[in-house]
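# Structural overview
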Amino acid sequence: MGYRVVIAGATGNVGREMLNILAERQFPVDEIAVLASRRSLGTEVSFGDKTLTTQDLDAFDFTGWDMALFAIGSDATKKYAPKAAAAGCVVIDNSSLYRYDADVPLIVPEVNPQAIHGYDKKNIIANPNCSTAQMVVALKPLHDRARIKRVVVSTYQSVSGSGKEGIDELWDQTKSIYNPTDDKPAKKFTKQIAFNVIPHIDVFMDSGDTKEEWKMVAETKKIVDPSIKVTATCVRVPVFVGHSEAVNIETEDFLDEDEARDILREAPGIMVIDKREDGGYVTPVECVGDFATFVSRIRQDSTIDNGLNLWCVSDNLRKGAALNAVQIAELLGREVLKKG
Ligand SMILES: NC(=O)c1ccc[n+]([C@@H]2O[C@H](COP(=O)([O-])OP(=O)(O)OC[C@H]3O[C@@H](n4cnc5c(N)ncnc54)[C@H](OP(=O)(O)O)[C@@H]3O)[C@@H](O)[C@H]2O)c1
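Each chain carries its own residue numbering, running from 1 in the direction its sequence is written. With the structure being a predicted model, the display of local features is reserved for residues of pLDDT at least 70 and the display and counting of side-chain atom pairs for 80 or more, all residues being used for whole-chain, interface and lining totals. To get the side-chain values, take all heavy atoms of the structure and skip hydrogens and water.

Numbering of helices and strands starts at the N terminus; helices are DSSP runs of H or I of at least 4 residues and strands are runs of E of at least 2. Position of Glu-212 relative to the elements: it lies in helix α5 (residues 211–223). Here a polar contact is recorded for every N or O atom pair within 3.5 Å, except that within protein the pair must consist of a potential hydrogen donor and a potential acceptor, and residues adjacent in sequence are included only if both atoms are side-chain atoms. Engagement of the side chain of Glu-212 in a polar contact is seen with the side chain of Gln-157, the distance being 2.9 Å. The contact partners of Glu-212, leaving out residues within four places of it in the chain, are Asn-129, Cys-130, Ser-131, Gln-157, Ile-201, Asp-202 and Cys-234. Contacts: residue pairs with any heavy atoms within 4.5 Å of one another.

Structure (structure tokens):
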């Protein structure tokens, strides 16, 4: 017996990827409903070798459905997630709306699977921000061995992290640079993204950090350990898919770079590609479509007593969103609903 699964936001980047991953991982699905806004009513989406027709989320009755994977943004989530949860359907949400709610578990299955048991306070489980998800997969095994005190991270985040409009803007602007009569000014992003980088993702906060930077701090604490200090600079780069991060880690105990590499090689969800030669590391284009979080450039930071540097790359639509959501669905099935 399998599950009755709903995908809300099935026409979006994350929604389509969730459908691909459910099919790839042969998630035990008995029935699946694909939902989006009324604008997309009747739009066809693929699920394995099947073609499904999109229904209107606003008119959908969640009664009798086991779980709903949401990827529709915070505003729509606020309206529809409580409705699904009240109907007895467990919501796994990709937006930031519930991530910091003490009654909602925020889960990366390789890191804090035990948190699944808190799902029933609201019948909602939150999926972290894309840049946090890949970073904590790499931090957790190092923290278990040497206790991480502080992390300094700079991100290089692809445009797909800001949805379909972000992808379109990079594509259109790139073309328009070669055809100046077809000017495409910045709309989704605050400055030109083609052939440029923008040190600004999400809104500014009073501290001077952006909300994206704050999310990496708050979510790392909630998922891994509240004692870890994190400071982040989040940058949008003209890459379609795949987020990269330069991570500096300070630990309590000394951790040799070779031991760190061995620990990461054994860690779930991590693939170490770390040869000290031309091309002996991973770049975003190579991680697209993959499940793993790739770690390269592992080396000692000799400016402090117990310091390490590493480079961490992952497909933001997969580990940063859709894959992690499907892994949560698998965990929910295995540990709680036990139907599959
Ligand atoms: N992209 C990432 O790397 C990433 C990572 C982590 C989390 N997330 C989160 O995942 C969510 C979706 O992101 P995305 O990149 O997939 O965005 P997207 O490509 O722009 O897709 C948005 C989806 O939401 C649907 N939607 C929007 N408003 C709706 C409404 N009022 N009612 C019903 N459906 C509605 C859209 O349907 P229509 O096609 O009908 O408009 C579409 O299916 C966001 O919360 C985002 O923050 C994204």
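Moving on, we come to unusual backbone geometry. Leaving glycine aside, a negative phi is the common case for residues, and trans is the common case for peptide bonds. Positioned with a positive phi, Gln-26 is a non-glycine residue whose angle comes to about 50 degrees. Categorising residues by exposure relies on relative accessible area from a 1.4 Å probe, with only protein chains included: less than 20% of the type maximum marks a residue as buried, more than 50% marks it as exposed, and the intermediate range marks it as partly exposed. Judged by its relative accessible area of 69%, Gln-26 is exposed. Of note in this structure, Phe-195 is not a glycine but carries a positive phi near 55 degrees. With respect to the secondary-structure elements, Phe-195 resides in the loop between α4 (163–177) and α5.

So, on to the site of the ligand. The environment of the ligand is formed by 26 residues, the closest being Thr-11, Val-14, Ser-37, Arg-39 and Ser-40. Note that an oxygen atom of the ligand is positioned 3.2 Å from one of the backbone N or O atoms of Gly-9. In the environment of the ligand, an oxygen atom lies 3.1 Å from a nitrogen or oxygen atom belonging to the backbone of Gly-73. Using the Shrake-Rupley algorithm and a 1.4 Å probe, accessible areas are obtained, with residue cover drawn only from the displayed protein chains. For the ligand, whose free accessible area comes to 910 Å², the fraction covered by protein is 81%. Going through the elements one at a time, α1 (13–24), α4 and α8 (318–337) are the ones with two or more residues in the shell around the ligand. Split by residue class, the shell around the ligand holds ten nonpolar, 14 polar and two charged. Throughout, the edges of the domains are those of an automatic or database domain assignment. Shared between two domains, the shell around the ligand holds at least three residues of each, these being domain 1 (3–128 + 321–337) and domain 2 (131–316). Note on terminology: near, applied to a residue and a molecule or strand, indicates that one of the residue's heavy atoms is within 4 Å of it. Note on residue classes: Ala, Val, Leu, Ile, Met, Phe, Trp, Tyr, Cys and Pro are nonpolar, Asp, Glu, Lys and Arg are charged, and everything else, Gly too, is polar.

Looking now at the sheet that holds strand β12 (residues 270–272). Taking strand neighbours across the sheet as the criterion, the six strands line up as β10-β9-β11-β14-β13-β12 in an open arrangement whose pairing is mixed. The open sheet has two edge strands, β10 (229–236) and β12, and neither has a second partner. Pairs of neighbouring strands in the sheet enclose a mean axial angle of 25 degrees, with direction left out of account. DSSP calls a pair of strands paired once it identifies at least 2 bridges connecting them. Pairing geometry for strand β13 (residues 293–300) and strand β14 (residues 307–314), over six bridges, is antiparallel. Pairing of Gln-300 across the sheet is with Leu-308, part of β14. The angle between two axes is taken between their N-to-C directions and runs from 0 to 180 degrees, where each axis is a line fitted to C-alpha atoms and a helix contributes only its stretch in contact. Strands β9 (148–157), β10, β11 (243–251), β12, β13 and β14 of the sheet are contacted by helix α3 (residues 130–146), whose axis makes an angle of about 25 degrees with β11.

Grouping buried Ala, Val, Leu, Ile, Met, Phe, Trp, Tyr and Cys residues that are joined through side-chain atoms within 4.5 Å yields what is termed a nonpolar core. Judged by nonpolar contacts, the single largest core of 55 residues is most densely connected at Phe-62, Phe-70, Leu-142, Val-151, Val-247 and Leu-310. Residue contributions to this core peak at seven residues, all from α3. Split by domain, the residues of this core number at least three in each of domain 1 (3–128 + 321–337) and domain 2 (131–316). Here Leu-310 is in contact with Leu-142, Glu-245, Ala-246, Val-247, Ile-249, Leu-264, Val-295, Ser-296, Arg-297, Ile-298 and Arg-299, once residues within four sequence places are set aside. With 35 residues, the next largest nonpolar core counts Val-45, Leu-69, Tyr-119 and Ala-329 among its residues.

Keep in mind these numbers describe shape, not what the thing actually does.
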